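Examining the three-dimensional arrangement
Read off the chains here:
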Amino acid sequence: MDAIDRDILQMLQMDGRASIRSVAERVHVSRANAYARINRLIDDGVIRGFGARVDHERAGQGASAYVTLKIVQNSWRTVREQLRRLPEASHIALVSGDFDVLLMVHTQDNRALRELVLTKLQSMPEVLSTRTLLVFEEEDLEPDS
């Protein structure tokens, strides 16, 4: 990756819907060059996809929480696959420290959050314990425009 690739990434992080023409103009390359660079970044796995930034509260997901999980040793891959299938999950991380997994979830309300934790997460045989940290306010950090 060179400086032009980094500029393209920064631009696409700010506006994933930017046209090839606007990207090319901004980084001072031809449209063909910009197109080829973006495709290479996608093929190389640097760009994993394009999506929308969602205001979870406005989208009907008024309860957000971080849930920490202690899991059975060597069960990370199995647990990760189960967590990926949860529509409420937005971020999954294997971490070090007092717990093994950090999971960010968004649910309709606290009742749905309770159901997720007590019924879905704690029923997984590989999950030894959970702790729920309710999020009172959150803000996604976005690159400067």
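Since the structure is predicted, the reported quantities are computational estimates derived from the model, not experimental observations.

**Comments concerning the environment of A32**
Structurally, the position occupied by A32 is in helix α3 (residues 31-43). Overall, the relative accessible area of 57% leaves A32 in the exposed class. The spacing of A32 and I20 is 12 residues in sequence and 8.6 Å in space, taken between C-alpha atoms.

**Notes on the pairing of strand β3 (residues 101-107)**
Of all 7 residues that make up β3, 6 are buried, and the element is covered over most of its length. Pairing of strand β1 (residues 63-71) with β3 involves 7 bridges; the strand directions are antiparallel. By the bridge assignment, Y66 is partnered in β3 with M104. Linking two consecutive strands that pair antiparallel, namely strand β2 (residues 89-94) and β3, is a turn of 6 residues; a positive phi of about 120° is found at G97 within it.

**Points about the domain arrangement of the protein chain**
Each domain of the protein chain was delimited in the assignment, giving domain 1 (3-44) and domain 2 (57-135). Each of domain 1 and domain 2 has a C-alpha centre, and these two points are 35 Å apart.

The rules we used
- Residues numbered from 1 in each chain as written.
- Predicted model: local features only at pLDDT ≥ 70, side-chain atom pairs only at ≥ 80, totals over all residues.
- Heavy atoms only, no water.
- Helix = DSSP H or I, 4+ residues; strand = E, 2+ residues; numbered from the N terminus.
- Buried < 20%, exposed > 50% of the residue type's maximum accessible area, 1.4 Å probe, protein only.
- Pairing = 2+ DSSP bridges.
- Domains from an automatic or database assignment.

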